[in-house]
Amino acid sequence: MLEIVQRASNGTYRTIYTVEMRDAVYVLHAFQKKSKEGIKTPKQEIDLVEQRLKEIKGILEKRTR
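Values in this document were obtained by computation on a predicted structure and should not be read as measured data. (Residues numbered from 1 in each chain as written. Predicted model: local features only at pLDDT ≥ 70, side-chain atom pairs only at ≥ 80, totals over all residues. Heavy atoms only, no water.)

Let us now look at the overall build of the chain. Secondary structure summary: the chain contains one helix and three strands in total. For 65 residues, the compact-globule estimate of 2.2 N^0.38 gives 11 Å, and the chain exceeds it by more than 25% at 14 Å. Out of the 65 residues in the chain, the part that is buried amounts to 26%. In the form shown here, the chain has an accessible surface area of approximately 5,300 Å², with 52% of it arising from carbon and sulfur atoms. (Helix = DSSP H or I, 4+ residues; strand = E, 2+ residues; numbered from the N terminus. Rg over C-alpha atoms; globule rule 2.2 N^0.38 Å. Buried < 20%, exposed > 50% of the residue type's maximum accessible area, 1.4 Å probe, protein only. Areas by Shrake-Rupley, 256 points an atom, 1.4 Å probe, with all protein chains shown as cover.)

Below you can see the structure in the form of structure tokens.
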């Protein structure tokens, strides 16, 4: 997974995506980072990305059967 971070005057935005699947780039999550404490991505955001990655892998697995 890869992450793009964009800092703006009204906050920090992050987009997390994957290129590990063939033929497409899947954007798993995009969000505005709200916490002012540290640069770490909140656990709930990471959990959501992992859930979506698992779902995409499942969908692609069904397509290749």
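Next comes the rest of the write-up.
Attention now goes to the side chain of Arg14. Relative to the helices and strands, Arg14 is located in strand 2 (residues 11–18). Residue class for Arg14 comes out buried when judged on its relative accessible area of 6%. Within the local environment of Arg14, its side chain forms a polar contact with the side chain of Glu3, the two groups lying 3.3 Å apart. Every residue in contact with Arg14, bar those within four places of it in the chain, is listed here: Glu3, Ile4, Val5, His29, Ala30, Phe31, Lys33, Ile39, Lys40 and Thr41. (Polar contact = N/O pair within 3.5 Å; in protein donor to acceptor, adjacent residues only side chain to side chain. Contact = heavy atoms within 4.5 Å.)

Where nonpolar side chains cluster on the molecular surface, the patch consists of Leu2, Val19 and Val25 and spans about 250 Å² of accessible area. Position of Val19 among the secondary structure elements: in the loop between strand 2 and strand 3 (26–33). (Patch = residues over 30% accessible without salt bridge, like charges linked within 9 Å, V, L, I, M, F, W, Y side chains within 5 Å. Salt bridge = Lys/Arg side-chain N within 4 Å of Asp/Glu carboxyl O.)

Helix length check: helix 1 (residues 43–63) (21 residues) gives 31 Å between terminal C-alpha atoms against 30 Å at 1.5 Å per residue, within 8%. Turning to helix 1, its buried residues number three or more, namely Glu45, Val49, Leu53, Ile56 and Leu60. Buried positions in helix 1, seen along its axis, are confined to an arc of 75° and lie on one side of it. Facing away from the buried side of helix 1 by over 90 degrees, the exposed positions are Lys43, Gln44, Lys54 and Lys62. (Expected span 1.5 Å × (residues − 1). Arc of directions from axis to C-beta.)

We now examine the sheet that holds strand 3. Ordered by their spatial adjacency, three strands build an open sheet running 1-2-3, and the pairing between neighbours is antiparallel. Because the sheet does not close on itself, it has two edges, and the strands there are strand 1 (2–8) and strand 3. Between one strand axis and the next, the sheet turns through 15° on average, direction left out of account. Contacts between helix 1 and the sheet are confined to strand 2 and strand 3, with strand 3 contributing the most and set at about 165° to the helix. (Pairing = 2+ DSSP bridges. Axes fitted to C-alpha atoms, helices over the stretch in contact; angles between N-to-C directions.)

The side chains of a regular strand alternate between both faces of the sheet. Extensive coverage of strand 2 is indicated by the burial of six of its eight residues. Across seven bridges, strand 1 lies against strand 2 in antiparallel orientation. Note on strand 2: the bridge partner recorded for Ala8 is Gly11. Remark: two residues form the turn of the hairpin made by strand 1 and strand 2, two consecutive strands paired antiparallel.

Keep in mind that these numbers describe shape and distance, not what the molecule does.
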